[in-house]
Amino acid sequence: MSQEEVVFGLGSTTIDELVAVAHGAPLRVAPEALAAVERTNLLLAGLAASGQQIYGLTTGVGDLYKVAGVQPDVADVQLGMLRSHASGVGVPHDEPATRAIVAAIVRALSRGHSGIRPVLVTTLVEMLNRGVTPVAPSQGSVGYLTATAHIGLVAFGEGEAWFAGERLPAATALERAGIAPLVPAAREGHAIISGTYEITGIGALAVAGARALVDVADLAGAMSLEALRGNTRGYDPRLQSLRPHPGQIETARRLNALLADSEILDAHRDHRLQDALSLRCIPQVHGSVRDALAYVESAVQTEIDSVTDNPVFVVDGDELLALPGGNGHGAPVALALDTLAIAVAEVSTMSQARADRLTHAALSGLPAFLASGSLGMSGFMIPPYVSAALAGENRALAAPASVHTVPTCAGQEDHVSMGTTAAIKARQAVANAERIVAIELLCAAEALDLHAPLAPGVGTARAHAAIRAHVAPRDTDRVMAPDVDAVTTLVTDGTLGRIVAEITAAATATAPEAATAPEGDPRVD
């Protein structure tokens with residue numbers, strides 16, 4: 001299916017736009033952005049010849065900033081910089097991650113503050129659009145420099161790249177794609193490695209995944225509440241208004257919309273005075289995740305629209321000024337992505353608790369392990385084990401990376417962000433949580449079957465039908481993994497998220513008033 005073209009201009013680029021490029025959407029850089037790039041580039045030669053010491057242009061980089069002088073062969077210097085920095089190890093980043101990093105590079109360079117030629121920008125765009133994906137190792141970055149060096153080499157015909165399913169020498173991949181390799185000009189190696197592009201690209205993928213995940217986690221929690229014959233008293237807007245954290249109020253609103261008109265809840269309204277915390281406190285926990293995600297999303301969005309090169313170049317009248325600084329330090333996004341991993345761990349552990357409860361006969365009042373078929377049937381005994389393992393992994397991934405700074409580069413770069421590790425951790429945590437929530441949904445769908453002919457709520461019924469369209473109920477043991485995979489796909493492809501969006505939008509349209517802090521509350525101006 002063709003995707004809509006994304007245009008990078010001088011205005012803001014959204015997380016969704018960058019993620020779309022990562023997943024194959026065609027990209028174009030607007031003429032006004034290329035004009036800004038060209039204007040700075042045309043002034044760069046004069047600045048280089050002015051006799052000023054300009055970091056990375058008339059000096060070395062890192063602790064070699066003290067080595068100054070006119071660079072004898074610009075192409076050799078820039079290629080040498082990329083070759084030496086291309087020191088990454090481990091498995092390569094996958095295609096969406098690498099494309100996201102390249103898109104982040106293009107976005108930053110197209111702002112016109114790096115001194116490079118427009119042709120470098122357009123070559124990177126052509127690599128994206130024609131399917132040339134650099135081989136960039138995923139380990140060895142403290143927040144910048146390594147993976148981007150591997151990526152940069154490909155634009156100049158060195159290194160390796162994937163093309164049409166083959167891992168090839170970069171020059172071969174470019175030739176097959178009909179792209180001419182460049183000879184680097186001033187700053188064109190340095191500019192590619194100096195920014196927080198790896199953190200930004202992978203972080204954007206993590207944020208987009210988490211944003212979709214939390215909506216589906218609400219749905220899973222709603223289905224579990226119904227299946228366990230819980231009650232919605234804990235979601236009452238009047239209760240929520242007395243603790244008006246935005247995410248908490250929004251989560252309760254969504255739960256009430258999804259569970260509206262539930263015959264199961266109506267029939268068991270007095271079954272239990274108070275539910276377990278994994279059911280009763282979904283608004284408080286998922287709401288906290290939503291509030292944390294809002295902060296993380298703001299940080300990543302700001303980073304996408306930032307220039308994190310060093311130095312940056314600004315035009316003042318007809319004069320070009322070089323401003324060395326620390327915009328390449330990844331702390332703003334590293335701390336945010338560490339927070340995201342913690343938030344996702346909260347979703348994971350709560351979902352796992354509900355899945356375990358659904359299969360625990362003494363707690364659920366349902367058949368043991370939801371096995372209503374033949375004697376000796378194991379049913380859903382093992383999927384919560386899988387959730388427990390993944391939730392345990394997510395607790396480990398929640399340990400922050402950003403606190404593990406160590407001095408590098410002969411003490412010149414003596415505090416680093418470890419933001420690449422933070423981004424990779426957060427993205428992996430989201431992927432684990434997608435499977436954890438899928439397992440809860442699978443268990444909850446089976447448990448809802450046991451309440452027939454009573455119907456679920458308007459939202460949970462639609463979700464149950466979507467799951468049953470791909471996964472049949474169990475009356476005997478069969479291989480479980482394909483069913484987990486099928487429901488995980490419903491989580492990741494947006495099928496279940498669209499149900500949540502449509503149900504909550506309809507509920508808002510019919511009852512637009514939202515829970516707010518009560519009149520006279522001192523927290524309200």
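Residues numbered from 1 in each chain as written. Predicted model: local features only at pLDDT ≥ 70, side-chain atom pairs only at ≥ 80, totals over all residues. Heavy atoms only, no water.

**Student:** Got a minute to help me understand the overall build of the protein chain in this structure?
**Tutor:** When helices and strands are counted, the protein chain shows 21 helices and 9 strands. For the protein chain, whose C-alpha radius of gyration is 26 Å, the value lies close to the compact-globule estimate of 24 Å for 525 residues. For the protein chain, the spread of C-alpha atoms along the principal axes amounts to about 85 × 60 × 45 Å. Put simply, 79% of the contacts in the protein chain that link residues at least 6 apart link residues at least 24 apart. Working note: accessible area of the protein chain is about 21400 Å², and carbon and sulfur atoms make up 58% of it. (Helix = DSSP H or I, 4+ residues; strand = E, 2+ residues; numbered from the N terminus. Rg over C-alpha atoms; globule rule 2.2 N^0.38 Å. Contact = heavy atoms within 4.5 Å. Areas by Shrake-Rupley, 256 points an atom, 1.4 Å probe, with all protein chains shown as cover.)

**Student:** Explain the environment of Glu 32 to me, please; I cannot follow it from the model alone.
**Tutor:** Mapped onto the fold, Glu 32 is located in helix 2 (residues 31-48). In this structure Glu 32 comes out as partly exposed when scored by relative accessible area, which is 44%. For the pair Glu 32 and Leu 43, spaced 11 residues apart in the sequence, the C-alpha separation amounts to 17 Å. (Buried < 20%, exposed > 50% of the residue type's maximum accessible area, 1.4 Å probe, protein only.)

**Student:** In this structure, what is going on with the nonpolar core? I would like to understand it.
**Tutor:** Buried together is how nonpolar side chains tend to be arranged in soluble globular proteins. Among the nonpolar cores identified, the biggest contains 141 residues, and Val 132, Leu 340, Leu 441 and Leu 496 are the most heavily contacted of them. Apart from the residues within four sequence positions on either side, Val 132 is in contact with Met 127, Val 154, Ala 161, Trp 162, Phe 163, Ala 173, Leu 174, Ala 177 and Ile 179. One finds Leu 44, Leu 47, Ile 54 and Phe 313 within the second-largest nonpolar core, a separate group that totals 6 residues. (Core = buried A, V, L, I, M, F, W, Y, C linked by side-chain atoms within 4.5 Å.)

**Student:** Sorry, what's going on with the layout of surface pockets here?
**Tutor:** Empty space among the atoms becomes apparent when a probe as large as a water molecule is rolled across them. Considered as a void within the structure, the largest pocket measures approximately 1000 Å³ in volume. Of all the elements in the fold, those that place two or more residues in the lining of the largest pocket are helix 1 (15-22), strand 3 (89-92), helix 9 (197-227), helix 18 (419-449), helix 20 (481-492) and helix 21 (495-510). Of the residues belonging to the lining of the largest pocket, the class tally is 17 nonpolar, 11 polar and 12 charged. (1 Å grid on protein atoms, 1.4 Å probe; cavity = no way out; pocket = protein on both sides within 12 Å on 5 of 7 lines; lining within 4 Å. Points joined across faces, edges and corners; volume = space filled by probe spheres on them. Nonpolar A, V, L, I, M, F, W, Y, C, P; charged D, E, K, R; others polar.)

**Student:** Teacher, can you tell me more about empty space enclosed by the protein here?
**Tutor:** Inspection of every chain in the model, using the stated rule, returns 1 cavity of 30 Å³ or more. Its boundaries defined by the atoms lining it, the largest cavity holds a volume of some 50 Å³. Ala 104, Arg 107, Ala 108, Thr 196, Tyr 197, Thr 200, Glu 303, Ile 304, Ser 306 and Thr 308 together form the lining of the largest cavity. Sorting the residues of the lining of the largest cavity by element identifies helix 4 (95-109), helix 9 and helix 14 (282-304) as the ones contributing at least two each. Counting residues per element, the lining of the largest cavity draws most heavily on helix 4, which supplies 3 residues. A per-class count over the lining of the largest cavity returns 4 nonpolar, 4 polar and 2 charged.

**Student:** Mind showing me how you'd approach the pattern of salt bridges here?
**Tutor:** It is possible for side chains of opposite charge to pair when their charged atoms get near one another. Counting across every chain of the model gives 26 salt bridges. For Asp 309, the salt bridge goes to Arg 187, with nearest N and O atoms at 2.8 Å. Placement of Asp 309 in the loop between helix 14 and strand 8 (312-316) and of Arg 187 in the loop between helix 7 (170-177) and helix 8 (190-193) is noted, with a sequence separation of 122 residues between them. Each member of the pair, Asp 309 as well as Arg 187, is classed as buried. Linked through salt bridges whose partners overlap, the residues forming this network are Asp 215, Asp 218, Glu 250, Arg 253, Arg 254 and Arg 290. (Salt bridge = Lys/Arg side-chain N within 4 Å of Asp/Glu carboxyl O.)

**Student:** Would you mind showing me how to read the sheet that holds strand 6 (residues 160-163) here?
**Tutor:** Whenever strands of a sheet pair, they do so through backbone hydrogen bonds, lying parallel or antiparallel. The 3 strands lie next to each other as 4-6-7, forming an open sheet whose pairing is antiparallel. The outermost strands of the open sheet, each flanked by one partner alone, are strand 4 (133-134) and strand 7 (166-169). Here strand 6 runs beside strand 7; their pairing, made up of 4 bridges, is antiparallel. Note that in strand 7 the partner of Glu 160 across the bridge is Pro 169. (Pairing = 2+ DSSP bridges.)

**Student:** What is the right way to read the environment of Ala 292 from this model?
**Tutor:** Following the sequence through the fold, Ala 292 ends up in helix 14. Spatially, the C-alpha atom of Ala 292 lies 8.6 Å from that of Ala 336, the residues being 44 residues apart in sequence. Non-local contacts of Ala 292, meaning those with residues more than four positions away in its chain, are made with Thr 339 and Ala 343.

**Student:** Even after reading the chapter, I still don't get helix 17 (residues 383-397), so can you show me in this structure?
**Tutor:** Working note: α-helix, 3.6 residues per turn, so residues spaced by three or four point in the same direction. The end-to-end C-alpha distance of helix 17, which contains 15 residues, comes to 21 Å, matching closely the 21 Å that a straight helix rising 1.5 Å per residue would cover. Turning to helix 17, the residues buried within the fold contact helix 15 (331-358) and helix 18. (Expected span 1.5 Å × (residues − 1).)

**Student:** I tried to follow the packing of aromatic side chains on my own but got confused; where do I start?
**Tutor:** Aromatic rings in a pair are described by how distant their centres are and how their planes are angled relative to each other. Per the counting criterion, the structure on display carries 0 aromatic pairs. Residue placement shows Arg 474 over the ring face of Phe 380; its charged tip is 5.6 Å from the ring centre. (Phe/Tyr/Trp six-rings, centres within 6.5 Å; stacked < 30°, edge-to-face > 60°. Lys NZ or Arg CZ within 6 Å of the ring centre and 35° of its normal.)

**Student:** Please explain the packing of helix 1 against helix 4 as it appears in this structure.
**Tutor:** For any two helices packed against each other, one specifies the inter-axial angle together with the distance between the axes. Two numbers describe how helix 1 lies on helix 4: the axes approach to 7 Å, and their chain directions differ by 125 degrees. Accordingly, the angle class assigned to the pair helix 1 and helix 4 is oblique. When the axes of helix 1 and helix 4 are compared, the crossing they make is right-handed. Every residue of helix 4 that contacts helix 1 at Leu 18, Val 21 and Ala 22 is listed here: Glu 95, Pro 96, Arg 99, Ala 100, Ala 103 and Ala 104. Residues that form the contact of helix 1 with helix 4 fall into these classes: 7 nonpolar, no polar and 2 charged. (Axes fitted to C-alpha atoms, helices over the stretch in contact; angles between N-to-C directions. Parallel < 35°, antiparallel > 145°, perpendicular 65-115°, else oblique. Left-handed = near helix turned anticlockwise from the far one by under 90°.)

**Student:** It is not clear to me how the side chain of Arg 187 should be interpreted in this structure. Could you clarify?
**Tutor:** Judged by relative accessible area, Arg 187 falls into the buried class, the value being 0%. A polar side-chain atom of Arg 187 sits 2.7 Å from the main-chain carbonyl oxygen of Ser 114. Contacts of Arg 187, omitting those with residues within four sequence positions, involve Leu 44, Leu 57, Gln 78, Ser 114, Ile 116, Ser 194, Asp 309, Asn 310, Pro 311 and Phe 313. (Polar contact = N/O pair within 3.5 Å; in protein donor to acceptor, adjacent residues only side chain to side chain.)

**Student:** I tried to follow the pairing of strand 6 on my own but got confused; where do I start?
**Tutor:** Side chains Ala 161 and Phe 163 of strand 6 all project onto a buried face; the interleaved residues Glu 160 and Trp 162 project onto a face where none is buried. Pairing geometry for strand 4 and strand 6, over 2 bridges, is antiparallel. Bridged to Thr 133 within strand 6 is Trp 162. Joining the antiparallel neighbours strand 6 and strand 7 is a turn of 2 residues, in which Ala 164 adopts a positive phi near 55 degrees.

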